[in-house]
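Residue-level structural notes
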Amino acid sequence: MSNTVAIPNGYKSKLDLMHTEIAIKEIKDHFEDKLSEALNLIKVSAPLLLNSGRGVNDNLNGVERIVSFDALDLKDTQIELVQSLAKWKRMALARYGFTFGEGLYTNMNAVRRDEVLDNLHSMYVDQWDWEKVIAKEQRNLDTLKTEVKKIYHAMKETESYMYEFHPALKPILPDEIYFITTQQLELLYPNLTPEQREDVITKEHGAVFIMQIGEVLRSGEKHGGRSPDYDDWTLNGDIIFWNPLLERSFEVSSMGIRVDEKTLLKQLKLANNEERRVLDYHKSVLNGDLPYTIGGGIGQSRLCMFFLKKAHIGEVQASVWNDKILKDCKKRNITLL
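Analysis parameters
- Residues numbered from 1 in each chain as written.
- Predicted model: local features only at pLDDT ≥ 70, side-chain atom pairs only at ≥ 80, totals over all residues.
- Heavy atoms only, no water.
- Pairing = 2+ DSSP bridges.
- Helix = DSSP H or I, 4+ residues; strand = E, 2+ residues; numbered from the N terminus.
- Axes fitted to C-alpha atoms, helices over the stretch in contact; angles between N-to-C directions.
- Phe/Tyr/Trp six-rings, centres within 6.5 Å; stacked < 30°, edge-to-face > 60°.
- Buried < 20%, exposed > 50% of the residue type's maximum accessible area, 1.4 Å probe, protein only.
- Lys NZ or Arg CZ within 6 Å of the ring centre and 35° of its normal.
- Contact = heavy atoms within 4.5 Å.
- Salt bridge = Lys/Arg side-chain N within 4 Å of Asp/Glu carboxyl O.

Bringing the sheet that holds strand S4 (residues 74-81) into the picture now. Across the sheet, which stays open at both edges, the three strands sit in the order S2-S4-S3 with antiparallel pairing between neighbours. This sheet does not close on itself; its edge strands, each paired only once, are strand S2 (49-51) and strand S3 (68-71). The sheet shows a mean angle of 40° between the axes of neighbouring strands, direction not considered. Across three bridges, S2 lies against S4 in antiparallel orientation. When the bridges of S4 are listed, Leu50 appears paired with Glu80.

Attention now goes to the sheet that holds strand S9 (residues 231-243). One open sheet accounts for eight strands, arranged S1-S5-S6-S11-S10-S9-S8-S7; its pairing is mixed. Looking along the sheet, the strands with just one partner apiece sit at the ends: strand S1 (41-43) and strand S7 (178-181). Here the strands of the sheet are splayed against their neighbours by 25° on average, with no regard to which way each runs. Bridge count between strand S10 (residues 248-258) and strand S11 (residues 293-299): five bridges; the pairing is antiparallel.

Time to look at the packing of aromatic side chains. For the structure on display, the rule yields eight aromatic pairs. Residues Tyr152 and Phe241 carry aromatic rings whose centres are separated by 6.2 Å and whose planes lie at 70° to one another, so their mutual orientation is edge-to-face. Of this pair, Tyr152 sits in helix H3 (residues 141-165) while Phe241 sits in strand S9, and the two are 89 residues apart along the sequence. We classify Tyr152 as buried; its relative accessible area is 3%. Under the relative-accessibility criterion, Phe241 is labelled buried at 0%. Ring centres of Phe250 and Phe306 lie 5.8 Å apart, and the angle between their planes is 35°; on these two criteria the pair is classed as tilted. Within this pair, whereas Phe250 is found in strand S10, its partner Phe306 is found in helix H8 (residues 300-307), the two being separated by 56 residues in sequence. The exposure class of Phe250 is buried, given its relative accessible area of 0%. Given a relative accessible area of 4%, Phe306 falls into the buried group. A network of ring pairs unites the aromatic residues Tyr152, Phe241, Phe250, Phe306 and Phe307 as a single cluster. Looking at Lys145, its charged tip hangs above the ring of Phe179, at a distance of 5.3 Å from the centre.

Moving on, we get to helix H2 (residues 86-96). Within H2, the full set of buried residues consists of Ala86, Lys87, Trp88, Lys89, Arg90, Ala92 and Leu93. Each element contacted by the buried residues of H2 is listed here: S2, strand S5 (103-111), strand S6 (124-133), S10, helix H7 (280-286) and S11.

Two side chains bearing opposite charge may form a pair once their charged atoms approach each other closely. Summed over the entire model, instances satisfying the criterion amount to 20 salt bridges. Here Lys25 makes a salt bridge to Asp29, at a shortest N to O gap of 2.5 Å. In this pair, Lys25 and Asp29 are both assigned in helix H1 (residues 17-39), four residues apart and thus about one turn of the helix distant. Residue class for Lys25 comes out exposed when judged on its relative accessible area of 53%. Relative accessible area serves as the criterion here: at 37%, Asp29 is assigned to the partly exposed category.

Here we come to unusual backbone geometry. Residues other than glycine seldom take positive phi values, yet Gln212 does so here, at roughly 65°. With respect to the helices and strands, the residue Gln212 is situated in the loop between strand S8 (207-211) and S9. Looking at Gln212, the relative accessible area reads 28%, which means it is partly exposed. Here the phi dihedral of Glu247 falls at roughly 55°; this positive angle occurs in a residue that is not glycine. On the basis of relative accessibility, which here comes to 62%, the residue Glu247 falls in the exposed class.

Remember that the coordinates give geometry; whether it matters functionally is a separate question.
Okay, here's the thing in structure tokens:
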């Protein structure tokens, strides 16, 4: 397993295998309802497959290999498995005719073949992907913080709901989420790595929204990677909890206000990806054919893992693991689905 995440000695799951499966459904059903109500979202169907070469699939950090293949009945077409739906959602809002303050969410299932497998990372990714239309003048920090607080409140409500039915799952999230930028974090802890800074700040506050991920900081380093063509790097961030079981920070959501025409050009240039301007999605943004939006992804397995106090993501999702992980989990009393 990863050297950065250790399974605690003497670990024992709070719930057995059957009750774990029941509780996973309880979390997902309850949180979906609270999220859609809080953000005014409706659920839509989402693709698992996309056509290659149109710029719609998520490039993540730009280095991950997308799973692709050809198909018997689609001549001269390469098909890709979704990595996330950051761009597709914005196009769907335009196509369905959503207006200001309205949005959509979906169950996003993805395959990320280049994930390094450990307690928190699987090749199979399941998220609630959501996107909402905003006005151009709402592209600001206040809008971002307002939506973060709504999402956090839905998470808090779900944590309390699970405690009602499962007394072993005691709530630990603080009443409010703490906001800080990556640059403020670097100034506070200049001698720590970005990961260590996240550990320190989340341990202190319990739940933190770390803002402005993607641009180079004053030190000349980035806090983390971000694709240049969906989030505005000055108006984005991650929701991160402190996980006392694993004694580390624990990311549950990545989100942000999406790029406008000006920001897209700027970030493509900074990332040396200006060739993407000719792709379908990017032309739609530059031509003003897509609405201004805010959106993100919330990890379904991550949220279940946190609320059910599990030590390994394989305890809340069925995936594929290497021999070392299978052996270590068996040795550490971890039952993988």
